[in-house]
Amino acid sequence: MRDDPLARYARWDRATERPMAIIALLFLGVYAYVVIGNLRLSGVDWPRAFMTGVWVIFALHYVISLVLVRDRVRWFFTHLHELAMALLPFLRPLQLLRLVKLLSVLHKTAGTALRGQVTVYVAGTSAILVLIAALGVLDAEQNAQGANITSFGDAMWWAFVTITTVGYGDYYPVTDLGRMIAVGLMIAGIALIGSVTATLASWFVEKVAQTQQETQAEADAGGAQPDQATQPATG
């Protein structure tokens, strides 16, 4: 009996999910070390070799996944973001979003409701996006002429006010890459705010419906019991 391609891909995806997330976490540590230490122009070569090795691992994972799936065309078009991260160096830090998958362990505490899962994913994605954007914009800006984002603290502040669409304007990118990161972060911020709004609206609607049901149940229970004062005497 031949192995089902769908089951084969599912096993591969489950087996590699946590190792790939751990590799992404290691990538985060090395990338943060390079950016915060401003080592791009230094003679330290091992971080670049390490990050290149991580990119090779993710590229191989993408190719193997594409080979294993049954409907390769559909999978290709639904995973264009992974292809972009493999081809475009400045998008590779987004591989860190795989860390959100590790939050699946929290589903046991968040409950099985879709709203609980959405809350976990939105919170995790927001935190990782802020960190990635802060590191990315600092990487792009800190050695640029006329840049005002030159420290990690400034970059984190910029990322927070940008993802929340506040945009004070006290810090802003001056490079093309920094502006591209800003656009991506603003789009992500709008999407995340929409998710939070929808989740809160769902919670309010559920609470109102629950209160109405409880009120109706109490009214039905009260109407179903006859008044003892009007009950005929027996005996």
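Below: a short report on this structure.

Calculation notes
- Residues numbered from 1 in each chain as written.
- Predicted model: local features only at pLDDT ≥ 70, side-chain atom pairs only at ≥ 80, totals over all residues.
- Heavy atoms only, no water.
- Helix = DSSP H or I, 4+ residues; strand = E, 2+ residues; numbered from the N terminus.
- Core = buried A, V, L, I, M, F, W, Y, C linked by side-chain atoms within 4.5 Å.
- Buried < 20%, exposed > 50% of the residue type's maximum accessible area, 1.4 Å probe, protein only.
- Contact = heavy atoms within 4.5 Å.
- Expected span 1.5 Å × (residues − 1).
- Phe/Tyr/Trp six-rings, centres within 6.5 Å; stacked < 30°, edge-to-face > 60°.

### Overview of the environment of Gly 53
Mapped onto the elements, Gly 53 comes out in helix α2 (residues 46-68). In this structure, the C-alpha to C-alpha distance between Gly 53 and Phe 27, residues 26 residues apart in sequence, is 9.8 Å.

### Notes on the nonpolar core
In terms of nonpolar packing, the biggest core is built from 32 residues, with Trp 158, Ala 159 and Leu 185 touching the most fellow members. Ignoring sequence-local partners within four residues, the contact set of Ala 159 consists of Val 130, Ala 133, Ala 134 and Leu 185.

### A short note on helix α7 (residues 152-163)
Because an α-helix completes one turn every 3.6 residues, residues spaced three or four positions apart along the sequence face the same direction. Spanning 12 residues, α7 covers 16 Å between terminal C-alpha atoms, matching the ideal 16 Å at 1.5 Å per step. Residues of α7 that are buried: Asp 154, Ala 155, Trp 158, Ala 159, Val 161, Thr 162 and Ile 163. Positive backbone phi, at 60 degrees, marks Thr 165, one or two positions downstream of α7.

### Some words on the packing of aromatic side chains
Evaluated as defined, the whole model comprises six aromatic pairs. Relative to Trp 75, the ring of Tyr 62 has its centre 5.3 Å away and its plane inclined at 45 degrees; by these criteria the two rings are tilted. Of this pair, Tyr 62 sits in helix α2 while Trp 75 is found in helix α3 (residues 72-78), placing the two residues 13 residues apart along the sequence. Trp 75 matches Tyr 62 in its accessibility class, with the two residues each being buried. Seen from their ring centres, Phe 76 and Phe 77 are 5.3 Å apart, and the 85 degrees between their planes marks the pair as edge-to-face. We classify Phe 76 as partly exposed; its relative accessible area is 28%. Of the residues examined, Phe 77 reaches a relative accessible area of 55% and is grouped as exposed. One aromatic cluster in this structure is built from Tyr 9, Tyr 62 and Trp 75.

Purely spatial values, then, with no claim about function.
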